[in-house]
Amino acid sequence: MSADTPARSTQPAPPRSRRTLAACCGAHALHDGFSDLLYVMFPVWQLAFGLSFAQVGLLKTLYSGSMAALQVPASLLAERVGERVLLALGTLVAAVGFILAGWTGGYLGLALCLMLSGAGASVQHPLASTLTSRVFEGAQLRTALGTYNFSGDVGKVLLPALCAALLALFDWHAVTSLMGMIGLVGALAIWFAVPRALHQALSQAAASAAPPARTSAIGAGSVLLNRGFISLSAIGVIDSATRMGFLTLLPFVLIAKGASVTQTGFALSLTFAGGAAGKFICGLIAARAGVLRTTILTEIATAAGIVALLPLSLEYSMLLLPALGVVLNGTSSVLYGTVAELVPGERRARAFGVFYTLTIGAGAASPALYGLIGDSIGVPRTFAVIAGLVLLVLPLTLGLRAALTPGRTVPG
């Protein structure tokens, strides 16, 4: 990687860095928990409103689509108003969307509330990733990003499990609004946790470090238009699309096997727990075997696990899901950590914004598409289609080979 040491001479003190990382991890846990508790709610909403698989998938598409569409605008706006303000405000909006969803009585109202919540959630990934990558550098950066990515999986385990448990006691209206109230508390916590003067200090450091020639839009585009970043983004698109499509239809596969809503929520938590472990397991594998081999291994295992899940009974499916979660989510941690290695430091905010826009956008479109396919050919055959598309990642790994060659410097 290229060195940009002048900017690091003004790096915040370690206590401030740890405080910032804690706030970013908390935001990631909350927002990822919001996104994935939807999988628990989908079967409930299907029964409440008499929805088809395509309509269920559209709900996820609207939530993730509004989140994806505002990734880059959020990163650009943060350069003016600061990450602290925008991160807290976005979390507030996401929480309000869930509170309002608890009061809705129809499909259209629910869809609009999820779009509002997704718009609020758009700020989290680019801003928290940027804050983390700015206050850590060198050998500490990948560790910090790994911790940040893992925190999202903690939210994926806790909030869906809590949501499923509450559904056994209350109706979905009350449970949805209660999830939103948790988000309000999270917004206040973020506001007070992120250091108030951090944005100004980091902006001054970036301005003093970045050469004038690199500040143009053309320069920014040329840095991102390199083979390594393009290949990485394409892999991320396929990985995200297949993961979101699989998770959207998984509850219906489990219900067909005889699972209750509570059991379905527990099964999803098992999958997300496996995904949390996968962040570390695949990170360790990548450190020894390399990014390319790890990506190939996890994607082949994902395809095999999806196909193997279909003939199993509910009990054996529960045993398989944690292992499937390891490889299903493990690839993402390898990909996210590699973004910072392919783009110079002063362009990472926009690189993360572009990367998350593409991957989350693909994940937004896929549930509606797979829902249509599920309505046409059935969920089991749709799972087979998803498994086949996962394998499209394999030829794309060739584009990363040159970019990740030892000794190669970051473009620019």
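Residues numbered from 1 in each chain as written. Predicted model: local features only at pLDDT ≥ 70, side-chain atom pairs only at ≥ 80, totals over all residues. Heavy atoms only, no water.

Draft legend 1. Up close: the overall build of the protein. Of the regular secondary structure elements, the protein holds 19 helices and zero strands. The proportion of buried residues among the 412 residues of the protein is 55%. For the protein, contacts bridging at least 24 residues in sequence account for 86% of all contacts bridging at least 6. For the protein, the accessible area works out to roughly 15,900 Å², and carbon and sulfur atoms hold 71% of it. (Helix = DSSP H or I, 4+ residues; strand = E, 2+ residues; numbered from the N terminus. Buried < 20%, exposed > 50% of the residue type's maximum accessible area, 1.4 Å probe, protein only. Contact = heavy atoms within 4.5 Å. Areas by Shrake-Rupley, 256 points an atom, 1.4 Å probe, with all protein chains shown as cover.)

Draft legend 2. Structural view of the environment of L162. Along the chain, L162 turns up in helix 8 (residues 139–167). Put simply, L162 and M179 are 17 residues apart on the chain and 9.2 Å apart in space, counted from C-alpha to C-alpha. Filtering out sequence-adjacent residues up to four positions away, L162 remains in contact with M179 and I182.

Draft legend 3. Geometry of the side chain of S117. Topologically, S117 is positioned in helix 6 (residues 107–121). A residue is classified by how much of its surface remains accessible, and S117, at 0% relative accessible area, is buried. A distance of 2.9 Å separates a polar side-chain atom of S117 from the backbone oxygen of A94. If we skip the residues at most four places from it in the chain, S117 touches Y63, V93, A94, G97 and F98. (Polar contact = N/O pair within 3.5 Å; in protein donor to acceptor, adjacent residues only side chain to side chain.)

Draft legend 4. Local environment of the packing of aromatic side chains. Tallied over the entire structure, the rule returns nine aromatic pairs. A connected cluster of aromatic rings, assembled from ring pairs, spans Y39, F42, W45, F49, W172 and F272. The ring of W191 has R84 lying over it, and the distance from NZ or CZ to the ring centre is 3.6 Å. (Phe/Tyr/Trp six-rings, centres within 6.5 Å; stacked < 30°, edge-to-face > 60°. Lys NZ or Arg CZ within 6 Å of the ring centre and 35° of its normal.)

Draft legend 5. Quick peek at the pattern of salt bridges. Counted under the stated rule, the structure contains one salt bridge. Notably, a salt bridge pairs R243 with D239, separated by 2.5 Å at the nearest N-O pair. You can see R243 and its partner D239 sitting in helix 12 (residues 227–256), four residues apart, about one turn around the helix. Since its relative accessible area comes to 6%, R243 is described here as buried. Its relative accessible area of 3% is what places D239 among the buried residues. (Salt bridge = Lys/Arg side-chain N within 4 Å of Asp/Glu carboxyl O.)

Draft legend 6. Representation of a nonpolar patch on the surface in the model. The grouping of L77, V81, V85, L188, W191 and F192 at the surface amounts to a nonpolar patch, some 540 Å² of accessible area in total. If one sorts the elements of the nonpolar patch by residue count, helix 9 (residues 172–193) sits on top with three residues. (Patch = residues over 30% accessible without salt bridge, like charges linked within 9 Å, V, L, I, M, F, W, Y side chains within 5 Å.)

Draft legend 7. Summary view of the packing of helix 13 (residues 261–289) against helix 14 (residues 291–309). Taken N-terminus to C-terminus, the directions of helix 13 and helix 14 make an angle of 135°; their axes are 7 Å apart at the nearest point. If you check the angle between helix 13 and helix 14, you find them oblique. For the pair helix 13 and helix 14, contact is made by C282, I285, A286 and A289 and by V291, R293, T294 and T298, respectively. Class assignment for the residues of the contact of helix 13 with helix 14 results in five nonpolar, two polar and one charged. (Axes fitted to C-alpha atoms, helices over the stretch in contact; angles between N-to-C directions. Parallel < 35°, antiparallel > 145°, perpendicular 65-115°, else oblique. Nonpolar A, V, L, I, M, F, W, Y, C, P; charged D, E, K, R; others polar.)

Draft legend 8. Representation of the packing of helix 4 (residues 71–81) against helix 5 (residues 83–101) in the model. Close contact between helix 4 and helix 5 brings their axes to 7 Å; oriented N to C, the two are set at 130°. The pairing of helix 4 with helix 5 is recorded here as oblique in orientation. Counting all contacts with helix 4, which are made through A74, L77, A78 and V81, the residues of helix 5 involved are E83, V85 and L86. When grouped by side-chain class, the residues that make up the contact of helix 4 with helix 5 number six nonpolar, no polar and one charged.

Draft legend 9. A look at helix 12. In a regular helix each residue adds 1.5 Å, so 30 residues correspond to 44 Å; helix 12 covers 44 Å between its end C-alpha atoms and thus fits that length. Burial within helix 12 is extensive, with 24 of its 30 residues counted as buried. Downstream of helix 12 by one or two residues, G258 has phi in the positive range, about 110°. (Expected span 1.5 Å × (residues − 1).)

Draft legend 10. Spatial organisation of helix 13. For helix 13, which comprises 29 residues, the first-to-last C-alpha distance of 40 Å matches the rise-based estimate of 42 Å (1.5 Å per residue) to within 8%. Helix geometry: helix 13 is bent most strongly at G278, by close to 30°. Of the residues one or two after helix 13, G290 is the one with positive phi, at around 100°. (Bend = angle between axes of the 7 residues up to and from the residue.)

Draft legend 11. Representation of the confidence of the model for the protein. Per-residue confidence for the protein averages 81 on the pLDDT scale, and 82% of its residues sit at or above 70. Confidence drops under a pLDDT of 50 for residues 1–13, and excluding neighbours within four residues, the segment shows 23 contacts in the predicted structure. Segment residues 205–221: pLDDT under 50, and 14 contacts once partners within four positions in sequence are set aside and those in other chains are kept. (pLDDT = per-residue confidence, 0-100.)

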